[in-house]
Amino acid sequence: MAAPCESEPDFSQPWKVSDIVLLVDDVRLHVHSGVLVMWSPVFENMFAELKRKNARVLTLEKQKPNEIRELLLVIYPTIKRPINENNCYYLLEIAEQFQMRKVTEQCEEYLMRTLKSGSELVDLLVLASKYNMRILREECLKLTKQLEWKVIQQHNLYEQIELKDYREIAEERLRSLHNDHQSEKEKAFRLEEELDYYRRQGELARTPSSCVVNPGLASPRLPRKQIVQPCKSRPVQVVLNTRIKPAVQSPEKSPHVPPPVPKRAHFPVKPQPIIKEF
């Protein structure tokens, strides 16, 4: 007689027209083949082989009864036990063996909701790469790139990081170092400009008022030197006014005498210097 259906059956006895028995480490679990076929192509092939042999018992080797029972509670539509911290990791391994992709996706959703920072990101990154959880892997990579390198290198799963993941992390670290280097160079250049500006201001304050300062230069420009060049002497013609007014005489005693002609004299004049500016 079939056992009554409970909210969470233990699968130890036939129930609801169960047609297959899973034998796991000498423990019999009564299940419905149609449910397992919808979740796993591996179970579909196994049940097809049993049907050809006209058998109803399927032996699952290297499995644990409590883990298979937990898997059944998760995939049965009338139960749908949620994924949690206690069952997530071994369900991922079982889902990988039996190609139960939807179970893997449920585990991935749970891990995304409970995603943390710190060294645990390396654990999740290795786990996501191992079970092909693409969304979780991308999120872990993005956060792992922000960790200090020594945190990643000292992790116990450092050697298990996939080569492609390791390469992405290393390239991101190199880009970050390059950007930091460029930022420091720009900061040093700005500080040098400010220092040069204040240096010019200090030199301007110490410059005498007679100096002409060019604001575009770092030091003041002194007045131009004055170079005196002698010029060749040239004769200068000087006219001397030697006309003397005659004494007033009567026209009878003093005949008319024409005024004397001015004399012209030639003598050198001291040359004037020519000043040129440079």
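Residues numbered from 1 in each chain as written. Predicted model: local features only at pLDDT ≥ 70, side-chain atom pairs only at ≥ 80, totals over all residues. Heavy atoms only, no water.

Looking up the protein chain in an unreviewed UniProt entry gives the name Ring canal kelch protein-like, with the organism given as Actinia tenebrosa.

Caption draft 1: Quick peek at unusual backbone geometry. Of note, the phi angle at lysine 80 is positive, near 55°, even though the residue is not glycine. Assessed through its relative accessible area of 58%, lysine 80 is described here as exposed. Positive phi, normally seen in glycine, also occurs at asparagine 132, with a value near 60°. Mapping asparagine 132 onto the fold places it in the loop between α6 (120-130) and α7 (134-144). (Buried < 20%, exposed > 50% of the residue type's maximum accessible area, 1.4 Å probe, protein only. Helix = DSSP H or I, 4+ residues; strand = E, 2+ residues; numbered from the N terminus.)

Caption draft 2: Just the layout of surface pockets, in detail. Within this model, the second largest pocket holds a volume of roughly 200 Å³. Lining the second largest pocket are Glu85, Tyr89, Tyr110, Leu111, Thr114, Lys116, Glu120, Asp123 and Leu124. Elements that contribute at least two residues to the lining of the second largest pocket include exactly α5 (101-113) and α6. Split by residue class, the lining of the second largest pocket holds 4 nonpolar, 1 polar and 4 charged. (1 Å grid on protein atoms, 1.4 Å probe; cavity = no way out; pocket = protein on both sides within 12 Å on 5 of 7 lines; lining within 4 Å. Points joined across faces, edges and corners; volume = space filled by probe spheres on them. Nonpolar A, V, L, I, M, F, W, Y, C, P; charged D, E, K, R; others polar.)

Caption draft 3: View of the nonpolar core. Of all hydrophobic cores here, the largest spans 54 residues; its most connected members are Leu22, Leu36, Leu72, Ile75, Tyr76 and Leu111. Element by element, the count of residues in this core is highest for α6, at 7 residues. Not counting residues up to four positions away in its chain, the partners in contact with leucine 72 are Phe11, Leu29, Val31 and Leu36. (Core = buried A, V, L, I, M, F, W, Y, C linked by side-chain atoms within 4.5 Å. Contact = heavy atoms within 4.5 Å.)

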